[in-house]
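Fold and geometry: a report
One letter stands for each residue in the lines below.
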Amino acid sequence: MNRFTRSALFPILIVIIVAMVISFFIQGDDTSTEPIYRAVGTAPTDVLERDLRRGQVAGVVVDESADRALVTASSGEEYIVET
């Protein structure tokens, strides 16, 4: 019984370690400073707050009936923030 536990435990541990290594490489590097959301689309409210702090917002049009805002960045790109 002891040999079976050892022999079955070793491949299970190898599979777990390999899965952890693969998941680490799939996640990639999140240290990039360039935002990914810059295509016309929606963004969370913290993106708008960050851009306002950085001074990267040229204008904001708030649509209260739809609970969203159309944000124009300093570069001319637009995105929508839904609240």
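Below or above, wherever it landed, is the structure these notes cover.

Criteria and thresholds
- Residues numbered from 1 in each chain as written.
- Predicted model: local features only at pLDDT ≥ 70, side-chain atom pairs only at ≥ 80, totals over all residues.
- Heavy atoms only, no water.
- Salt bridge = Lys/Arg side-chain N within 4 Å of Asp/Glu carboxyl O.
- Patch = residues over 30% accessible without salt bridge, like charges linked within 9 Å, V, L, I, M, F, W, Y side chains within 5 Å.
- Areas by Shrake-Rupley, 256 points an atom, 1.4 Å probe, with all protein chains shown as cover.
- Helix = DSSP H or I, 4+ residues; strand = E, 2+ residues; numbered from the N terminus.
- Buried < 20%, exposed > 50% of the residue type's maximum accessible area, 1.4 Å probe, protein only.

A separate point is the pattern of salt bridges. On inspection of all chains with the given rule, the structure shows one salt bridge. Measuring nitrogen to oxygen at the nearest pair gives 3.9 Å for the salt bridge that ties Arg-50 to Asp-51.

A grouping of Leu-9, Ile-12, Leu-13, Ile-16, Ile-17, Met-20, Val-21, Phe-24 and Phe-25 is seen on the molecular surface, where their side chains present a nonpolar patch of about 920 Å² in accessible area. Among the secondary structure elements, Leu-9 is positioned in helix α1 (residues 2-27).

Phi angles above zero are rare outside glycine, and Asp-67 is one such case at about 55°. Looking at where Asp-67 falls in the secondary structure, it is placed in the loop between β2 (57-63) and β3 (68-73). Exposure remark for Asp-67: the relative accessible area of 45% places this residue in the partly exposed category.

Limitation: the analysis is restricted to geometry and does not speak to function.
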